[in-house]
Structures are given as structure tokens and as C-alpha cells.
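Listed below, chain by chain, are the residues.
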Amino acid sequence: MTRLGDLERAVMDVLWDVVPGTSDGVTVREVADALDGRELAYTTVMTVLDRLAGKGMVQREREGRAWRYRPAASREAHIAQLMLDALDLGGSRDAALVRFARSVTGTEAEVLRAALGSEADPTGPGTTAGGADVVGPGRAGSGAELTDRVDGPAGRRPAGEAAER
């Protein structure tokens, strides 16, 4: 998945915050107006949206002479894909997952345990209460390795501290 530059991220934040999943989307003018405090030309916003469409980050549909834009995926799905892409950078995926699991807070650890457990959510495995994908297909095992390591005070372990077995 594509990493976003500062302006692309600002535009995507507008789309994620303003456009509900059932919406027909927003126009370039609406996005430009929502980018409060930025002195951006209409054509700049139009170019960013066009590039985001080319990257597959937004979907667009013709409405008269203008386009209407909406996110191709939720913010949560984008972030999850970035995390999965980071795991693919090389080295040991297991070690990276363990280090990540050791760095989360107690509340975050509970969310991970619930997502990895069979009681995660009545809407189906691998989703949050809002229906957002938590783990992509074929990306995780049983979750036991991760949940066994996420404990301790406030769900954190100092870096380098070995898990007790």
C-alpha cells in the first residue's frame, strides 16, 4: 500500500472524516474548503485527488463536468495495510510482531486479544465491532504467540525483556 505525503494525508483525512461509506463523495471544491488554514489553489487539490485516484486510494465518479471523490478503503484498513507492509520489509516477522505486542498499552493488548480470540466479535472473525478488518487473510496464525506475550503492568514490557514461560 502507498505511503502518503503530508498534503495527500490531509486530503485523505478530509475524505475519511467527511465522507460516510454510503455517501456519493465530495467535490474538489468541498475538499479544498474543508482544508481550513491551508492556502491551496483549487488546481492543487484537484491534482492531489487525481494522483490519489491513480494510486487507488480514492474512487471517483463523474457528476456533470466535475468528479466526486470518496475513499477506496477506510482509514483503519489503510493503517492495517501499512502495518502489514512494514512486516514485509524484511527480517523476522515474528520478532517484529513480538516487539510490537510488547509495546502496546493494556487497553490495546485487550483489543488484540479480543481480535485474535474466538469471542472477538459477533460480526465475524477478523473484524472489529465496527466491521473494520483487523487481520488480512493468510497473515496470522492462531494468535497464541502474540497474546502470550502481551501482559505485564499496563500491557508493556521494557524493550529486550524476555517473556516468562
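To start, this report covers the structure provided alongside it. (Residues numbered from 1 in each chain as written. Predicted model: local features only at pLDDT ≥ 70, side-chain atom pairs only at ≥ 80, totals over all residues. Heavy atoms only, no water.)

**Notes on helix H5 (residues 93–103)**
Buried within H5 we find Val98, Ala101 and Arg102. Along the long axis of H5, the arc covered by the buried residues comes to 100°, so they all point the same way. (Buried < 20%, exposed > 50% of the residue type's maximum accessible area, 1.4 Å probe, protein only. Helix = DSSP H or I, 4+ residues; strand = E, 2+ residues; numbered from the N terminus. Arc of directions from axis to C-beta.)

**Digging into the packing of helix H1 (residues 6–18) against helix H3 (residues 42–54)**
At their nearest, the axes of H1 and H3 sit 10 Å apart, and the two run at 85° to each other. Classified by the angle their axes make, H1 and H3 are roughly perpendicular. Taken together, the residues of H3 that come into contact with H1 (itself represented by Leu7, Glu8, Val11, Met12 and Leu15) are Thr44, Val48, Leu49 and Leu52. Its residues assigned to classes, the contact of H1 with H3 shows 7 nonpolar, 1 polar and 1 charged. (Axes fitted to C-alpha atoms, helices over the stretch in contact; angles between N-to-C directions. Parallel < 35°, antiparallel > 145°, perpendicular 65-115°, else oblique. Contact = heavy atoms within 4.5 Å. Nonpolar A, V, L, I, M, F, W, Y, C, P; charged D, E, K, R; others polar.)

**A word on the packing of aromatic side chains**
Evaluated as defined, the whole model comprises 0 aromatic pairs. Positioned above the aromatic ring of Trp67, the side-chain terminus of Arg60 is 4.4 Å from the ring centre. (Phe/Tyr/Trp six-rings, centres within 6.5 Å; stacked < 30°, edge-to-face > 60°. Lys NZ or Arg CZ within 6 Å of the ring centre and 35° of its normal.)

**Overview of H3**
Between its first and last C-alpha, H3 extends 18 Å over 13 residues, near the 18 Å set by a 1.5 Å rise per residue. The set of residues buried in H3 consists of Val45, Val48, Leu49, Leu52 and Ala53. Viewed end-on, H3 has its buried residues packed into an arc of 140°, placing them on one side of the element. Exposed and oriented more than 90 degrees from the buried face of H3 are Arg51 and Gly54. Downstream of H3 by a residue or two, Gly56 has a phi angle that is positive, lying close to 80°. (Expected span 1.5 Å × (residues − 1).)

**As for the packing of helix H4 (residues 75–87) against H5**
For the pair H4 and H5, interaxial distance at closest approach is 9 Å and the crossing angle is 130°. As the angle between them shows, H4 and H5 are arranged oblique. Facing Met83, Leu84 and Leu87 of H4, the residues of H5 in contact are Arg93, Ala96, Leu97 and Phe100. Split by residue class, the contact of H4 with H5 holds 6 nonpolar, no polar and 1 charged.

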